[in-house]
Amino acid sequence: MNKKHFIPTILGAVIHLLCANIPLLAQTGTAEIAFLSDIHLQDVYADLGSNAFKGVFNPKTGRFATIRTMKSQLNSTRLFNENYFAFISALEDLKKKEIQIVVLPGDFTDDGQPMNVLALKEILDQYATDSGMRFFLTTGNHDPVKPFGGIAGKSDFLGVDGSEQAIAGSTDFFTASSVAISDQINYWGYPEITKALGDYGFFPSQKDLFWSHPFEELDYENYTFERAQDSSQLEKRVYPVGNSGLFLPDASYVVEPIEGIWLLALDGNVYTHSGGESKESWKGSSVGFNQASIFKKHQLDWIKKVADEAEKLGKTLISFSHYPLVEFHDGASDAMKSLFGPRKFQLERVPSAETSKLYADAGMRLHFAGHMHINDTGLYENQPDNTMYNIQVPSLAAFPPAYKTVKIDHQTQFEIETTTLTEVDHMNEFFDLYRMEHRWLLENQIPDIWDSTILASKDYFEYTRNHLLELTELRFIPSDWPENLVVLLKALNNNELNQWSKMTEKDGNLFLEDKLKELKTSSSSKTKSHKIIEDFYLLKNGDEIGKRLIPQERITFYEQLLSSVSRKTYAQDANLNSDLVQFFRIFEMLFESLPSDHFRIDLKKNTIERID
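Residues numbered from 1 in each chain as written. Predicted model: local features only at pLDDT ≥ 70, side-chain atom pairs only at ≥ 80, totals over all residues. Heavy atoms only, no water.

A. Examining the overall build of the protein chain more closely. Broken down by element type, the protein chain carries 20 helices and 23 strands. Principal axes of the C-alpha set define a box for the protein chain whose edges measure 75 × 60 × 55 Å. The 612 residues of the protein chain split such that 60% are buried. Of the contacts formed within the protein chain by residues at least 6 apart in sequence, a portion of 73% connects residues at least 24 apart. For the protein chain, the accessible area works out to roughly 25,200 Å², and carbon and sulfur atoms hold 49% of it. In the protein chain, 61 side chains carry a positive charge and 86 a negative one; their mean positions are 2 Å apart. (Helix = DSSP H or I, 4+ residues; strand = E, 2+ residues; numbered from the N terminus. Buried < 20%, exposed > 50% of the residue type's maximum accessible area, 1.4 Å probe, protein only. Contact = heavy atoms within 4.5 Å. Areas by Shrake-Rupley, 256 points an atom, 1.4 Å probe, with all protein chains shown as cover. Lys, Arg positive; Asp, Glu negative; His and termini not counted. Charge placed at Lys NZ, Arg CZ, Asp CG, Glu CD.)

This is the structure we're talking about:
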C-alpha cells in the first residue's frame, strides 16, 4: 500500500475535530451525495507475505509493486492498477468540494481479497478521519465472489522479468510450478468483508439518525442505536436458499445519515449451491435483479415497507445497488440481442421490463447502480405515477472514468452531475514496468502483443479511452461481432454508406454482397480504420461524454445517415442489408439518448431535463 498518500497530520486531526458535529450539508443547505462505483481497488504495493514473490521492484519508488500485466488489463473490461490512483484522485476532488457523503455501489475491490479489502479500509479510514467523510457501501459480484470465501488465485501478476507471475492461496490451485503462495489473494466472504468495513454502512453508527435492515421491524418512532446494533449481527440477517435448508446473508440496509435523507442499500448478489459440504460449493452470479427478484423475494416486501414509511415521514428515498434496475442501452437492448445474440455484450445483465416493474411497484423512484462500467440514464415508466429512473454510475477503472453527484433541492427534485477524471497523480508510475513487459513479449515472440502507444497517453481520461480502443480490437470485436458486419463497417466510406442508405432492400443487399466479395479478395479488408465501431463504443459506454469526443463532421454525417436509414425496410431473414440496418437503428438509439452528464430530475412532475 502506498503509505505516503495516507499519513495523518496533526492539522487533519484538528480539522476533523472542528468539523465532527457540522451537519453533512453543503453551505447552501442543499444535501449533496457522491457515488463512486466499480473502483475495483487492488493494493498495488501489497505485502503478500510470500518468500517466493514480493512483487516487481519499481525503481521509481524503490518499492515492490504488486500489479497485473498490461496484457491482462487490455483484455479486461477494467484496469487493475492505475485505478488505485484514480480512486485517490476522486476522493481528493470530493474533499475540495466539501462533499462528505460518499456511496460506493459495489465492486469496491478487485475480488474481495484480504489485501485489497484492508487497503480500501485504510483509505476510507484516512478520509473519514481527516475530512469527516461518511462512506456507505453495498456489495457487488466481486465482493464477495463467494458468500463464505474460499481459496483463490491470479495468474497474471507482473513478474520480475516482465513475464506473468501466478499467485494463489494454495499449492494445488494452479498446475504451474512457479506459483507464489499467499493467503492475501484468497476470497473473503460476507463475514470478513462486512466486519472489516463495518463502519461504512453495513452496520449502524451512532452518527446516523436511523438504520435498519430487512429482517427486523421498521420502527422509526422507537429507534435506538443500541437496539439497532443488537439486531444488526450478520447471523440475524439471513434468508433461506430455496428448500435446501441453507441460509445466506443479506447485507441490505436503510440509513438516515442526514435529516430527511434515506439511503436504501440493496445487496443484489445471488449465489447457487452445488450440493457439496465445503464453502467452495457456492457460485456467484453477475446477472443482477432478474435473479434477485426471484431468489430474494423478501427484499421486495421490505422495499415496499421502506418506501411507504419514507413517504409517510416525508423522507427523500434514494436507492443504490451494484446492479441496474432499468434497461441501460437507451432502449436498444432487444435489437442488440437480435443482431449480436442474447449473450453478447453482457446482455443477460439487462433488467427485463417485468423486473423493472416489480421494483417500481415497490416504490423505488431514483436508483443509482454500477456493474456495467458505463454512463447512462435509464427510465422505466409504467404509468405517469409509476416511474423509476436508473442512474448508471461509470467505473473509475474504465472509460469514461467518472463519478456522479446528486444535489437534493427538495424531496422530489434532484440535480445530477457527472465528473470525469482527467489529471490523476502517479498515473504513469508503472509505465516503465509495462515497457519491460512489452520487451519480454517481443523477445519471446508472444502473439497478439498489445500496442505500446497506450503508454503515451497524456492523462488518465485519454488512457482509459485508449484502453477501450485496444480492448475493442483485442476482445470485443472477436467475441461479440458478426465477422461480415465488421468487415463492412471498417471498409465502407461515407459516400458508400450514404449511397446504400437510399437503396431498396434488394439493391442494398446486392450492393453489400458485391462489396463484401471485393473486400475478402483484397488486402483492404484488413484495414484497422473502424471509426464507426469506435464511435459506437464511445456512445454505448460514455453516452454524452463519449459523444462529445466524436468530431463534428462525423456527428453531421451520422445525423444525415441515420435519417436515411430510419426510412429503410429490411427482411426478417438475416442478410447483410438487414444486419446493417439493424446496426444503425441501434446506433441511432444510443446517439439520441436521455441526459446523462448534467441534468435535473423532478419526480413530482415526472420530468428530466438537460443542464447545459
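B. Molecular detail of the pattern of salt bridges. The full count for this structure, using the stated rule, is 24 salt bridges. Linking Arg-78 and Asp-110 is a salt bridge whose minimum nitrogen-to-oxygen distance equals 3.0 Å. On the criterion of sequence distance, the pair formed by Arg-78 in the loop between helix H2 (70-73) and helix H3 (83-97) and Asp-110 in the loop between strand S4 (101-105) and helix H4 (114-131) is long-range, its members being 32 residues apart. Note on accessibility: Arg-78 and Asp-110 belong to one class, buried. For Asp-230, the salt bridge identified is with Lys-236, shortest N-O distance 3.5 Å. A relative accessible area of 44% means that Asp-230 is categorised as partly exposed. Put simply, Arg-68, Arg-78, Asp-110, Asp-111, Lys-154 and Asp-156 are held in one network by salt bridges that share partners. (Salt bridge = Lys/Arg side-chain N within 4 Å of Asp/Glu carboxyl O.)

C. Local environment of H4. For H4, built from 18 residues, the straight-helix expectation of 26 Å at 1.5 Å per residue is met to within 8% by its first-to-last C-alpha distance of 25 Å. Extensive coverage of H4 is indicated by the burial of 13 of its 18 residues. Residue Gly-132 follows H4 closely and has a positive phi angle near 70°. (Expected span 1.5 Å × (residues − 1).)

D. Examining the packing of aromatic side chains more closely. As enumerated under the stated definition, the model contains 40 aromatic pairs in all. Judged by centre distance (6.4 Å) and plane angle (75°), the rings of Phe-202 and Tyr-253 are edge-to-face. Of this pair, Phe-202 sits in helix H6 (residues 198-202) while Tyr-253 sits in strand S12 (residues 253-258), and the two are 51 residues apart along the sequence. Each of the two residues, Phe-202 as well as Tyr-253, counts as buried. Judged by centre distance (5.1 Å) and plane angle (70°), the ring pair of Phe-210 and Tyr-223 falls under edge-to-face. Within this pair, whereas Phe-210 is found in strand S9 (residues 210-212), its partner Tyr-223 is found in the loop between S9 and helix H7 (225-231), the two being separated by 13 residues in sequence. The ring centre of Tyr-45 lies 4.3 Å from the NZ or CZ of Arg-63, which sits over that ring. (Phe/Tyr/Trp six-rings, centres within 6.5 Å; stacked < 30°, edge-to-face > 60°. Lys NZ or Arg CZ within 6 Å of the ring centre and 35° of its normal.)

E. Layout of the packing of helix H17 (residues 531-542) against helix H20 (residues 576-591). Between H17 and H20, whose axes approach to 9 Å, the crossing angle comes to 40°. As summarised for this structure, H17 and H20 are arranged oblique, according to the angle between their axes. The crossing of H17 and H20 is left-handed. When H17 is examined against H20, the residues Ile-532, Asp-535, Phe-536, Leu-539 and Lys-540 are found in contact with a partner set consisting of Phe-583, Phe-584, Ile-586, Phe-587, Leu-590 and Phe-591. (Axes fitted to C-alpha atoms, helices over the stretch in contact; angles between N-to-C directions. Parallel < 35°, antiparallel > 145°, perpendicular 65-115°, else oblique. Left-handed = near helix turned anticlockwise from the far one by under 90°.)

F. Seen up close, helix H19 (residues 552-565). The terminal C-alpha atoms of H19, which comprises 14 residues, lie 20 Å apart, in line with the 20 Å expected from a rise of 1.5 Å per residue. Of the residues making up H19, those classed as buried are Arg-554, Ile-555, Phe-557, Tyr-558, Leu-561, Leu-562, Ser-564 and Val-565. Those residues of H19 that are buried lie in contact with helix H15 (494-501), H17, helix H18 (544-547) and H20.

G. Spatial organisation of the pairing of strand S5 (residues 134-138). Burial analysis of S5 places five of its five residues in the buried class, which makes it a mostly covered element. As paired strands, S4 and S5 are joined by five bridges and run parallel to one another. Following the sheet pairing, Leu-104 is matched in S5 by Leu-137. You can see the chain leave S4, run along H4 and come back into S5, and the turn it takes is right-handed. (Pairing = 2+ DSSP bridges. Right-handed = clockwise from strand over helix to strand, strands pointing away.)

H. Local environment of the sheet that holds strand S6 (residues 153-158). One open sheet accounts for three strands, arranged S6-S7-S8; its pairing is mixed. Looking at the sheet topology across the chains shown, the edges are occupied by S6 and strand S8 (180-181). Strand direction decides the pairing type here: S6 and strand S7 (residues 164-168), joined by four bridges, are antiparallel. Of the residues in S7, the one forming a bridge with Leu-158 is Glu-164.

I. Quick peek at the sheet that holds strand S18 (residues 376-383). As summarised here, the arrangement of the seven strands in space is S9-S12-S13-S16-S17-S19-S18, forming an open sheet in which the pairing is mixed. Each edge of the open sheet carries a strand with a single partner, namely S9 and S18. Between one strand axis and the next, the sheet turns by 20° as a mean value, whatever way the strands run. Alignment of S18 against strand S19 (residues 386-392), held across seven bridges, turns out to be antiparallel. Each residue of the ladder has a partner; that of Leu-379, found in S19, is Tyr-389.

J. Seen up close, the pairing of strand S20 (residues 402-410). Alignment of strand S1 (residues 31-35) against S20, held across five bridges, turns out to be antiparallel. Looking at the pairing, Ala-34 lines up with Thr-405 of S20. When S20 meets strand S21 (residues 413-420), the two strands line up antiparallel, connected through eight bridges. When the bridges of S21 are listed, Val-406 appears paired with Ile-416. Counted between consecutive antiparallel strands, the loop separating S20 from S21 contains two residues.

K. Highlighting the environment of Asn-484. Tracing the backbone shows Asn-484 in helix H14 (residues 483-491). For Asn-484, a relative accessible area of 28% translates into the label partly exposed. For the pair Asn-484 and Lys-520, spaced 36 residues apart in sequence, the C-alpha separation works out to 9.5 Å. The contact partners of Asn-484, leaving out residues within four places of it in the chain, are Leu-516, Lys-520 and Leu-576.

Interpretation in functional terms is not warranted from these geometric data alone.
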